[in-house]
Amino acid sequence: MWHTILLVGCGGFVGAVARYLLGRLLAVDGLPLATLCINLAGCLIIGLLMGLSQRHEWLSPSVMALLVTGFCGSFTTFSTFANELWVAGNNQQWLVAALYLLVSVAGGFGMVILGRTLARLL
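Residues numbered from 1 in each chain as written. Predicted model: local features only at pLDDT ≥ 70, side-chain atom pairs only at ≥ 80, totals over all residues. Heavy atoms only, no water.

Enquirer: Help me out: how do you make sense of a nonpolar patch on the surface in this one?
Expert: The grouping of Phe 13, Val 14, Val 17, Tyr 20 and Leu 21 at the surface amounts to a nonpolar patch, some 520 Å² of accessible area in total. Structurally, Leu 21 can be placed in helix H1 (residues 2-25). (Patch = residues over 30% accessible without salt bridge, like charges linked within 9 Å, V, L, I, M, F, W, Y side chains within 5 Å. Areas by Shrake-Rupley, 256 points an atom, 1.4 Å probe, with all protein chains shown as cover. Salt bridge = Lys/Arg side-chain N within 4 Å of Asp/Glu carboxyl O. Helix = DSSP H or I, 4+ residues; strand = E, 2+ residues; numbered from the N terminus.)

Written out as structure tokens, the structure reads:
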């Protein structure tokens, strides 16, 4: 258990630092280019890792904890969201996928509006 927690933490550290550095490197005033690039890269990475884990047994649960949960989880949670959306669609759970997409995007945006509104009141 502790071994896995340590792997997730190490992967998370590297993912967070990579996100920060890429965010600085790709920063463009007025455009969310850095976030877009990071989210798309994270989706590519998690898709590659999940696909490889299904084809090859050398991606052990420990390696997946380090790379998927740790690195990708801190690099961008959008990659996890996109992968979970793919899983629902792949399992032909179309209603679940549609609701997850709608609630995540609209709900997330709504929560940002609510949080900013509450911040103005405090």
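Enquirer: Help me out: how do you make sense of H1 in this one?
Expert: Quick reminder: α-helices carry 3.6 residues per turn. Residues three or four places apart thus point the same way. The end-to-end C-alpha separation of H1 is 34 Å, in line with the 34 Å expected for 24 residues at 1.5 Å each. Tucked inside the fold, the buried residues of H1 contact helix H3 (61-75). (Expected span 1.5 Å × (residues − 1). Contact = heavy atoms within 4.5 Å.)

Enquirer: Any chance you could explain the nonpolar core here in plain terms?
Expert: Nonpolar side chains tend to gather and get buried jointly when the protein is soluble and globular. Counting residues in each nonpolar core, the largest one holds 10 residues, listed as Ala 18, Ile 38, Ile 46, Leu 49, Leu 59, Met 64, Val 68, Phe 71, Cys 72 and Phe 75. The greatest single-element share of this core, amounting to five residues, is contributed by H3. When near neighbours in sequence (up to four residues on either side) are disregarded, Phe 75 contacts Gly 15, Ala 18, Arg 19, Leu 22, Ile 38, Ala 41, Gly 42 and Ile 45. (Core = buried A, V, L, I, M, F, W, Y, C linked by side-chain atoms within 4.5 Å. Buried < 20%, exposed > 50% of the residue type's maximum accessible area, 1.4 Å probe, protein only.)

Enquirer: Where do I start with the confidence of the model for the chain in this structure?
Expert: Atomic detail in the predicted coordinates should be set aside for any region of low pLDDT. Model confidence for the chain is summarised by a mean pLDDT of 92, while 100% of its residues fall at 70 or above. Taking the mean pLDDT of every element in the chain, the minimum, 90, falls on helix H2 (residues 33-55) and the maximum, 96, on H1. (pLDDT = per-residue confidence, 0-100.)

Enquirer: Sorry, what's going on with the layout of surface pockets here?
Expert: Taken as a whole, the largest pocket holds about 170 Å³ of empty space. Contributing to the lining of the largest pocket are Cys 43, Ile 46, Gly 47, Met 50, Gly 51, Gln 54, Ser 79, Ala 82, Asn 83, Trp 86 and Val 87. When contributions to the lining of the largest pocket are tallied by element, the ones reaching two or more residues are H2 and helix H4 (77-90). Classifying every residue of the lining of the largest pocket by side-chain character gives six nonpolar, five polar and no charged. (1 Å grid on protein atoms, 1.4 Å probe; cavity = no way out; pocket = protein on both sides within 12 Å on 5 of 7 lines; lining within 4 Å. Points joined across faces, edges and corners; volume = space filled by probe spheres on them. Nonpolar A, V, L, I, M, F, W, Y, C, P; charged D, E, K, R; others polar.)

Enquirer: What's the story with the packing of aromatic side chains in this structure? I'm lost.
Expert: Any aromatic ring pair is given by two values, namely how distant the centres are and how the planes are angled relative to each other. Under the criterion given, the structure shown has three aromatic pairs. Taken together, a centroid distance of 5.3 Å and an interplanar angle of 15° make the contact between Phe 71 and Phe 75 stacked. Separated by four residues within a single helix, Phe 71 and Phe 75 lie in helix H3, roughly one turn from each other. In this pair, the class of Phe 71 matches that of Phe 75, namely buried. Feature note: the residues Phe 78, Phe 81 and Tyr 100 constitute an aromatic cluster, connected by ring pairs. (Phe/Tyr/Trp six-rings, centres within 6.5 Å; stacked < 30°, edge-to-face > 60°.)

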